[in-house]
Amino acid sequence: MQQSTLIKIVSALEAVVLRSFGPEGGQVLFTRDTGQAMLSRSGTCILSALHLEHPLARSVQIPLSVWKHSRGTGDGSKTFILLLASLLRGISKATSRGPSASNANGFTEAAKAAAAPYFANKLLKLASSDLDDLIAVNVVPYGFCVSLEDFTTHSGRLLLASFFHTRVSHVHCSYLSELTCELLNRWKYKSDLPYISFQFLSDNFPALHTPVSGFPVSSSRLIEGQVIHRDFATPCLPITPESSIVHFSAWTERSLESVIAELQSFGVSLLLSAVKQSDAAVALATQAHMSLVECVSEEELTLFVQLSGVTPVSRGCTIQLEHVAALSLCRPILLGTDFFVSKVNPCSLVICGPGEEQTDQYICAIRDAVCMLMTIWEPKHTSETTASCGTLQSEKGTASLDMTPTANKPYGLKKCVFEPGCVIPAGGTFEFLLSRALPNPSSDTNGLPSVSQLLANALLSVPRQIYSHSPKLFLQAQTRIMSLVQNPSNPFSFGLKESTPGPMVDLGLESVTCKYQLILAVVQCATSVLRVDTVLHTRTALHTQSKKHTIFSRASTEDEAED
Amino acid sequence: MSRVEKKAPSVCTDLPLNNAEVCAKLHLMKELLKSCYGPRGRLKHVRNNIGGRVTTSSASSVILPALYSSQPLLNLIKSSVLNHISRFSDCGLFAGVFCLSLLEQARRHELRESLAIKVNKHCLSLCTSYLQRDDCACRVKIDFSSSQNLMTLAGSIVSSKPACLLTEAEKLHISTMAVRAFLQTIPCSSPGPVTLGQTVTVTVRGLPVLDSAMFPGLLVEMHDDFNQTDSSSEPLRTVLFSTSLAGDLAELGDGTIEADPDLDTDLQILDQLLELGKQLVEDEVRLCVCQKVIHPVLQQYLRSHGVVVMERLGMALMEPLGMLSGTQPVATLHARIPSTAYGRVKNLSTKQFGNKTMLHLQPDGEAAVCTAVLCHRNETMLDELKVAWRKTEDVLRLTLKEPSALLGGGCTETHLSAYVKHKGQQEASETAAGLRCSPAEFLLGVKVFCRSLDMVARSLEHDGGSSAMDLNHAHHWTVSADAAGEDMAGGLGLCGCGLVENSSTEWTFLNTEYAEFCPAPLLGDSCRKPTVLDSFTAKVNALQVAVETANLALDVRYVIKDEN
């Protein structure tokens, strides 16, 4: 496998992603083969929408999406490609430069091919053994923990706002982050553990939002109660408070009349049904002064059952009181039916956008924001690491000076070593700090540049892209952070306290955990693509019959030439 | 999978707004929409590639769905405007022209995209907050105690559809009808939440427009003869079936019936139907209406007992009929029909319109259902008239939400433009600091926004004339091509909306530079009434949608098109 091909592929991906990267980034507009349009600034969406032919490109695309979905971080896929591209470029440069300056041609092809996996293995070793220590010692002290009590406070909002900054148009960031904060606050009481309430929100998100196209974004709002996205099959009758509700999964009973009579005896005035009811059932319900909503989706029913605590009826003959829930109000709204379940006080999100594409984009962004928060506040898997963020800061005040990561062994080999909720100012702070912290021997024994040097250079390419519109700002940011590191007496002058918003805070906040996992994923991906030496093209039975049509025709011609 | 096709690579466009081809397409679309705008807009023939029917229209709701572009950016703008139309019916062309002008002007003035987005957003919030203010000089309160403004609003919408080819008298007739129908569908005295009634439209081809009429109650086209047997003035007891009475077992689905071979199921069902008929006769039902088909035997039975039978009513008329007569649709054949399911119709009569004979069902008492019969000379014009009618209906209903209207004839646009320019100049330095740009850049952005608003006002003129604005109230005036060179103070007459008379002395052409000024509100001398009004709700939303869509298009940096 030629490294130049690899670099070419990754650079092509990078070129697409760059357009939507950073604070000055814009959107990417797709038209799918179905003619459906999609707008996105999400790296995963952009990459998965591309039809990549080369097997290597797919091998970058696939781990990325798998990583995204299994982690559910909802963040970082653009940085993933950027880091990967610059890391691979760095490795390629290092191998082509060669150990001795006298050899102008650098490595021979064979040596080159051997050098790349060597780097890859060393990188993986570095990332899996030392990286978390390095971050804990050199980066975490400059961050702080956002508590979950304060989603109304500055830092919680900032975290969300900076996430939306990477995902939607700038002018709507603040509006959407306010809306999401509000939503999170409304659902917070559900449980004391924030992680669980995020989990609940993320699981039930399909039932909790309503997309409405044709209105400006500023019409998006929260609505009290649960919205069922179906219209009444019977005319909506005014429902007095404390009226009852039954909901059905199926009506199997033939004698509808007796069912309706039984329902009436419970004082039921609203029926929710998962399936479509017959005309006769609708007419009978109308005559009995019951409102009926048909074809309620599975997700909405599940949420309703959770919220109200009723048991769905599956057979018409056994209606009990446990199937009946009390609602405080029910009314038709804009596009659906709105319920107020009296036991709890839920709220639903109505998201508006001028076109469907935009509405979808906002929905994705909010859903991913909840995912991201979930990752940040994921409980630690080991109970050993009990040091809170506050003590970390005081302990490592000196440790950050001498830069001896070996002193912090307890942090090694754990899945999640950082305090839940640990964040750091955005705008390259993490990358600056970590690249500085990486051990920096000029070259190792073979005369090759060290892997930590390669990683540090790759990391710096991220802030370089953030400030790509003005290189001056890049230097300014770097100097500012470096001067803070050199002056550890006041490590908090980033403006982490709300009273003194520093120069960096307007760039927002990002999660340390997400960043750490991102780097791990990048290194793993780079290692796996560098270890590949040949691509074998197999033919399925279908292809042997018609050899003219191969799916990867372009890729195969390239490789045949190589052979 | 019988065939594996090679997937074509996606077509990518980097920075689409810097691409000359894309810009040319955007320009073309702008020119197309512009040429349709306003009461003197040009018409478009829409015809598909296999020689289908030709539609003549200037309405965005007809033209936009017919446009197809291979450029995703255009489709994005199109779908935003169409979504707006689906919610508000009105101001689709306004949204389209304004959005495309914003894009074009931003490019012409070489404004950075990210800056243009911020300034557009800022200007939009200036406009919306101004329009909501009490002292907004381009907003007119709608007073429901007089029909004056409602008539003007309806008239403006009917005249904005030149493809209807209506004379002044016909326009007046149609807009009067629309206002009457609107008022008819508001229930007079019902406590609690109000449910608005419905207007059913029936179209008749070949009759003059002035024969169009509005009737309380429902007009239902008749499939067979109707013999009015008795003419007693008593209301008729009515039953409404939503299920088929033809004796079929449609609801069985995929199930099977096991029956004794000797049993004749058809006869059994017919017996059941006749049983039902007997109950109807016993309950003194005089009108039996069915959404679907009624078995001929049952029909015959009912007719022989003096019941008027109507079948195949169709889904669309079920709800209005239920509203009119107060019946509850019956869907069961086996159960006894409860007395509450019956309703009443006051009177039945036949009406003749051209070749159509219709049965007129009059409500017993107050019912918010009425029927509009729209007539026009040929089908194309009739279609357009129907579009105009529906739009008028929707716009009039929107006034219930927000009882305001905006001055029409381009005056709102010029007024807003002057206001934004003035406000922008005043607050240039502090706003620029807030948006993190220089005051000069900010003012350039404001200029782009104002120019685009002016462009919409200028689009109203299609006959080679030019557009002007007075420097006092900032209303819009049209200068005809032959009068342009002469002294403008002489013969400009009234402004676009008809509120300001030729009193101001200072003018400026809309595409020229002028010093900013604060548009003065019209003081107490407003004995004049505006002659052209636009829907407030629709226009405010269109303004927002246009700016948001333009911002979105400015934010698109990369286009990927799947060619499969």
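The model shown is predicted, which means the values in this text are computed figures rather than measured ones.

## Details of the overall build of chain A
Line of reasoning, step 1. The secondary structure content of chain A amounts to 21 helices and 14 strands.
Line of reasoning, step 2. Of the contacts formed within chain A by residues at least 6 apart in sequence, a portion of 76% connects residues at least 24 apart.
Line of reasoning, step 3. As displayed, chain A has an accessible area near 23,200 Å², and 56% of this comes from carbon and sulfur atoms.

## Some thoughts on the sheet that holds strand 13 (residues 422-425) of chain A
Residues and elements named next belong to chain A.
Line of reasoning, step 1. A sheet is described by the order of its strands in space; here three strands give the open sequence 3-13-14, paired in antiparallel fashion. Each of the sheet's edge strands pairs with one partner strand only, and the pair in question is strand 3 (144-145) and strand 14 (509-511).
Line of reasoning, step 2. Here three bridges tie strand 13 to strand 14, and the two strands are oriented antiparallel to one another. If you follow Val-423 over to strand 14, its bridge partner there is Ser-511.
Line of reasoning, step 3. Of the strands in this sheet, strand 13 and strand 14 touch helix 16 (residues 429-437), which is tilted by about 95 degrees from strand 13.

## Concerning the nonpolar core
Line of reasoning, step 1. Formed by 116 residues in total, the largest nonpolar core has its most connected members in Phe98(B), Leu131(B), Val420(B), Phe449(B) and Leu543(B).
Line of reasoning, step 2. Looking at this core element by element, the count peaks at eleven residues for helix 15 (residues 536-555) of chain B.

## Examining the interface of chain B and chain A
Line of reasoning, step 1. In this complex, chain B contributes 50 residues to the contact, which on the side of chain A involves 49 residues.
Line of reasoning, step 2. Overall, the association of chain B and chain A removes approximately 4,300 Å² of surface from exposure, summing both partners, and the carbon and sulfur fraction of that is 56%.
Line of reasoning, step 3. Per-residue buried area on chain B facing chain A is highest for Arg87(B), Glu548(B) and Ile560(B); these three make up 15% of the total on that side.
Line of reasoning, step 4. Linking chain B with chain A are one salt bridge.
Line of reasoning, step 5. Notably, a salt bridge pairs Arg19(A) with Asp14(B), separated by 2.6 Å at the nearest N-O pair.

## Digging into the side chain of Thr412(B)
All names here are of chain B.
Line of reasoning, step 1. Residue placement: Thr-412 occurs in helix 12 (residues 411-426).
Line of reasoning, step 2. Residue classification places Thr-412 among the buried residues on the basis of a relative accessible area of 2%.
Line of reasoning, step 3. Not counting residues within four places of it along the chain, the set of residues in contact with Thr-412 comprises Cys-138, Leu-406 and Leu-407.

## Some points on helix 6 (residues 131-138) of chain A
Line of reasoning, step 1. Within helix 6 of chain A, eight of the eight residues are buried, which leaves the element mostly enclosed by the surrounding structure.
Line of reasoning, step 2. For helix 6 of chain A, the set of buried residues is Leu131(A), Asp132(A), Asp133(A), Leu134(A), Ile135(A), Ala136(A), Val137(A) and Asn138(A).

## Considerations on the state of the cysteines
Residues and elements named next belong to chain B.
Line of reasoning, step 1. As enumerated under the stated definition, the model contains zero disulfides over all chains in all.
Line of reasoning, step 2. For Cys-164, which is in no disulfide, the shortest distance to another cysteine sulfur is to Cys-375 and amounts to 14 Å.
Line of reasoning, step 3. With no disulfide partner, Cys-288 has as its closest neighbouring cysteine sulfur the one in Cys-290, 6.9 Å distant.

## Here's the deal with the confidence of the model for chain B
The predicted coordinates should not be examined in detail at positions where pLDDT is low.
All names here are of chain B.
Line of reasoning, step 1. Summing up the model confidence of chain B, the mean pLDDT is 86 and the portion of residues at 70 or higher is 91%.
Line of reasoning, step 2. Within chain B, helix 4 (residues 92-108) carries the highest mean pLDDT (95), whereas strand 1 (residues 11-14) carries the lowest (82).
Line of reasoning, step 3. Taken together, the chains of this predicted complex give a pTM of 0.83 and an interface ipTM of 0.75.

## Notes on the confidence of the model for chain A
All names here are of chain A.
Line of reasoning, step 1. Predicted confidence across chain A gives a mean pLDDT of 69, with 63% of residues reaching 70 or more.
Line of reasoning, step 2. When the criterion is pLDDT under 50, residues 100-106 qualifies, and its contacts beyond four places in sequence or with other chains add up to two contacts.
Line of reasoning, step 3. Every residue in residues 240-244 scores below 50 in pLDDT, and together they form 16 contacts with partners more than four places removed in sequence or on other chains.

## What about the packing of aromatic side chains?
All names here are of chain B.
Line of reasoning, step 1. All chains considered together, the criterion is met by ten aromatic pairs over all chains.
Line of reasoning, step 2. Ring centres 5.9 Å apart and planes at 20 degrees place the aromatic pair Phe-94 and Phe-98 in the stacked group. Within this pair, Phe-94 and its partner Phe-98 are both found in helix 4, separated by four residues, close to a single helical turn.
Line of reasoning, step 3. Judged by relative accessible area, Phe-94 falls into the buried class, the value being 2%.
Line of reasoning, step 4. On the accessibility criterion, Phe-98 (0% relative accessible area) is buried.
Line of reasoning, step 5. Ring geometry for Tyr-130 against Tyr-419: centres 4.0 Å apart, planes inclined by 20 degrees, an arrangement best described as stacked.

## Let's talk about the packing of helix 7 (residues 168-184) of chain B against helix 11 (residues 379-401) of chain B
Residues and elements named next belong to chain B.
Line of reasoning, step 1. At a minimum axis separation of 10 Å, helix 7 and helix 11 run at an interaxial angle of 45 degrees. By the criterion of interaxial angle, the relationship of helix 7 to helix 11 is oblique. Of the two possible hands of crossing, helix 7 and helix 11 adopt the one that is right-handed. On the side of helix 7, the interface is formed by Ile-174, Met-177, Ala-178, Val-179, Ala-181 and Phe-182, while helix 11 contributes Leu-385, Trp-389, Thr-392, Leu-396, Arg-397, Thr-399 and Leu-400.
Line of reasoning, step 2. Partitioning the contact of helix 7 with helix 11 into residue classes produces ten nonpolar, two polar and one charged.

## Some details on unusual backbone geometry
All names here are of chain B.
Line of reasoning, step 1. The phi angle at Glu-284 is positive, at roughly 60 degrees, despite the residue not being glycine.
Line of reasoning, step 2. In this fold, Glu-284 is placed in the loop between helix 8 (265-282) and strand 9 (287-290).
Line of reasoning, step 3. On the accessibility criterion, Glu-284 (60% relative accessible area) is exposed.
Line of reasoning, step 4. One non-glycine residue, Arg-312, lies in positive phi territory at about 50 degrees.

## As for the pattern of salt bridges
Residues and elements named next belong to chain B.
Line of reasoning, step 1. Here the structure, examined in full by the defined rule, presents 29 salt bridges over all chains.
Line of reasoning, step 2. With a shortest N-O distance of 2.9 Å, Arg-53 and Glu-379 are connected by a salt bridge. In this pair, Arg-53 is assigned in the loop between strand 2 (44-46) and strand 3 (55-57) and Glu-379 in helix 11, connecting sequence segments 326 residues apart.
Line of reasoning, step 3. Given the relative accessible area of 33%, Glu-379 is considered partly exposed.
Line of reasoning, step 4. When salt bridges that share partners are traced, they join Arg-40, Arg-42, Glu-461 and Asp-463 into one network.

## Observations regarding the environment of Ser160(B)
Residues and elements named next belong to chain B.
Line of reasoning, step 1. On the secondary structure map, Ser-160 appears in the loop between helix 6 (148-159) and helix 7.
Line of reasoning, step 2. Residue classification places Ser-160 among the buried residues on the basis of a relative accessible area of 19%.
Line of reasoning, step 3. Between the C-alpha atoms of Ser-160 and His-475, which are 315 residues apart in sequence, the distance is 19 Å.
Line of reasoning, step 4. Once residues lying within four places of it in the same chain are set aside, the contact partners of Ser-160 are Gly-38, Pro-39, Ser-58 and Lys-391.
Line of reasoning, step 5. One polar contact links the side chain of Ser-160 to the main-chain carbonyl oxygen of Ile-157, over a distance of 2.8 Å.

## Side note on helix 12 of chain B
Line of reasoning, step 1. Across its 16 residues, helix 12 of chain B extends 22 Å between first and last C-alpha, which sits within 8% of the 22 Å expected from 1.5 Å per residue.
Line of reasoning, step 2. Counting buried residues along helix 12 of chain B, 13 of its 16 residues qualify, which places the element largely inside the surrounding structure.

## Regarding the sheet that holds strand 1 (residues 27-31) of chain A
Line of reasoning, step 1. In space, the four strands of this open sheet follow the order 2(A)-1(A)-19(B)-1(B), with mixed pairing throughout. The two strands at the open ends of the sheet, each matched to only one other strand, are strand 2 (37-40) of chain A together with strand 1 of chain B. Sheet twist, expressed as the mean angle between neighbouring strand axes with direction ignored, is 15 degrees.
Line of reasoning, step 2. With four bridges connecting them, strand 1 of chain B and strand 19 (residues 556-561) of chain B associate as antiparallel partners. For Cys12(B), the partnering residue across the bridge sits in strand 19 of chain B and is Ile560(B).

Reading guide: rules and limits
- All residue numbers refer to positions counted from 1 along the written sequence of the respective chain.
- The naming scheme follows written order: chains are lettered A onward, ligands numbered 1 onward.
- Side-chain atom pairs in this predicted model are given and counted only at pLDDT of 80 or more, local residue features only at pLDDT of at least 70, and totals for whole chains, interfaces and linings cover all residues.
- Neither water nor hydrogens contribute to the side-chain values; these are computed over all heavy atoms in the structure.
- Segments assigned H or I by DSSP are reported as helices when at least four residues long, segments assigned E as strands when at least two residues long, and all are numbered from the N terminus.
- Whether two residues are in contact is decided by their heavy atoms: any pair within 4.5 Å suffices.
- Only the protein chains shown count as cover for residues, and the accessible areas themselves come from Shrake-Rupley with a 1.4 Å probe.
- Strands were regarded as paired on the criterion that DSSP finds at least two bridges between them.
- Here an angle of 0 to 180 degrees is reported between the N-to-C directions of two axes, which are lines fitted to C-alpha atoms, with helices fitted over the stretch in contact.
- Residues grouped as a nonpolar core are buried Ala, Val, Leu, Ile, Met, Phe, Trp, Tyr and Cys residues, joined through side-chain atoms within 4.5 Å.
- Each residue's exposure class comes from its accessible area (1.4 Å probe, protein chains only) as a fraction of the maximum for that residue type: buried when under 20%, exposed when over 50%, partly exposed otherwise.
- By buried area we mean how much accessible surface two parts lose on assembly, using a 1.4 Å probe and totalling the loss over both.
- When a carboxyl oxygen of Asp or Glu is within 4 Å of a side-chain nitrogen of Lys or Arg, the pair counts as a salt bridge.
- Any two cysteine sulfur atoms lying within 2.5 Å of each other are counted as a disulfide.
- One confidence number per residue, pLDDT, is output by the predictor and ranges from 0 to 100.
- Aromatic pairs are defined between Phe, Tyr and Trp rings, using the six-membered ring for Trp, whenever the two ring centres lie within 6.5 Å; interplanar angles under 30 degrees are classed as stacked, those over 60 as edge-to-face, and all others as tilted.
- Each angle receives one of four descriptions, namely roughly parallel if under 35 degrees, roughly antiparallel if over 145, roughly perpendicular if within 65 to 115, and oblique otherwise.
- Handedness of a crossing follows from how the near helix is turned relative to the far one, being left-handed for an anticlockwise turn of less than a right angle and right-handed for a clockwise one.
- Classification used: nonpolar for Ala, Val, Leu, Ile, Met, Phe, Trp, Tyr, Cys and Pro, charged for Asp, Glu, Lys and Arg, polar for all others including Gly.
- Distance and chemistry together define a polar contact, namely a pair of N or O atoms within 3.5 Å, with one atom able to donate a hydrogen and the other to accept it when in protein, and with adjacent residues in sequence counting only for side-chain atoms on both sides.
- In a helix, the anticipated span is given by 1.5 Å times the number of residues less one.

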